[in-house]
Amino acid sequence: MFSLASRLATRSLARQVSRRRPGAFPPALARLSPVALPGRHLHASSPLSADKGKVSVTFLRADGTELKATGKIGENLLDIVVDNELDIDGFGACEGTLACSTCHLVFEQKDFDNIPDEATDEELDMLDLAYGLTDTSRLGCQVCMTKELDGLVAKVPEGVNDQR
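Cut-off values and rules
- Residues numbered from 1 in each chain as written.
- Predicted model: local features only at pLDDT ≥ 70, side-chain atom pairs only at ≥ 80, totals over all residues.
- Heavy atoms only, no water.
- Helix = DSSP H or I, 4+ residues; strand = E, 2+ residues; numbered from the N terminus.
- Core = buried A, V, L, I, M, F, W, Y, C linked by side-chain atoms within 4.5 Å.
- Buried < 20%, exposed > 50% of the residue type's maximum accessible area, 1.4 Å probe, protein only.
- Contact = heavy atoms within 4.5 Å.
- Lys, Arg positive; Asp, Glu negative; His and termini not counted.
- Salt bridge = Lys/Arg side-chain N within 4 Å of Asp/Glu carboxyl O.
- Polar contact = N/O pair within 3.5 Å; in protein donor to acceptor, adjacent residues only side chain to side chain.

### Points about unusual backbone geometry
- Phi angles above zero are rare outside glycine, and Glu 85 is one such case at about 50 degrees.
- Secondary-structure assignment places Glu 85 in the loop between helix 3 (77–83) and strand 3 (104–107).
- The phi angle at Glu 95 is positive, at roughly 60 degrees, despite the residue not being glycine.
- Mapped onto the secondary structure, Glu 95 falls in the loop between helix 3 and strand 3.

### Brief notes about the nonpolar core
- Grouped together as the largest cluster of nonpolar side chains are 27 residues, with contacts concentrated most on Phe 59, Leu 77, Ile 88, Leu 105, Phe 107 and Met 145.
- Of all the secondary structure elements, the ones that give two or more residues to this core are strand 1 (54–60), strand 2 (66–72), helix 3, strand 3, helix 5 (121–127) and strand 5 (152–155).
- In terms of residues, this core owes the most to one element, helix 3, which gives 4 residues.
- Residues within four places of Leu 105 in sequence aside, it is in contact with Phe 59, Leu 77, Phe 91, Thr 136, Ser 137, Arg 138, Gly 140, Ala 154, Lys 155, Val 156 and Pro 157.

### Let's talk about the side chain of Glu 75
- Relative to the helices and strands, Glu 75 is located in the loop between strand 2 and helix 3.
- Of the buried charged residues, Glu 75 lacks a salt bridge, with Lys 72 as the closest side chain of opposite charge at 5.8 Å.
- A distance of 2.8 Å separates a polar atom in the side chain of Glu 75 from the backbone nitrogen of Lys 72.

Structure, rendered in structure tokens:
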């Protein structure tokens, strides 16, 4: 049988897919291999596109340490942390299933305004559990990189709250 967490994550992703315009994928699906989703078609502009440009991100830890990383357009910030093997304690404990708030990040207002997708109800519920919540907080697993976000600086809060 499936665990409660996996059932909730699946239901959450299904809700995200049903709310989006055709061809758009929720950030949590962007890192999966291309699969056929009912009623969805892959477009060149989707995060699953094979032709992805490179982007840079700086993660600023609470102690002032800067961790620089590169990723591809369409990747979410959790994947960039994992792929670059960045040492951010506890980051992404639920592996991007919207079941924790450990990938909580804080952005400057100008960068926050450039994030193309608004936070879903599920993301906002998880953010309510995060330490150091601000008006410009998002979960890194739900923020996909775009060309406009190249050079992004994301602040990593001092503590994490893992409610799994």
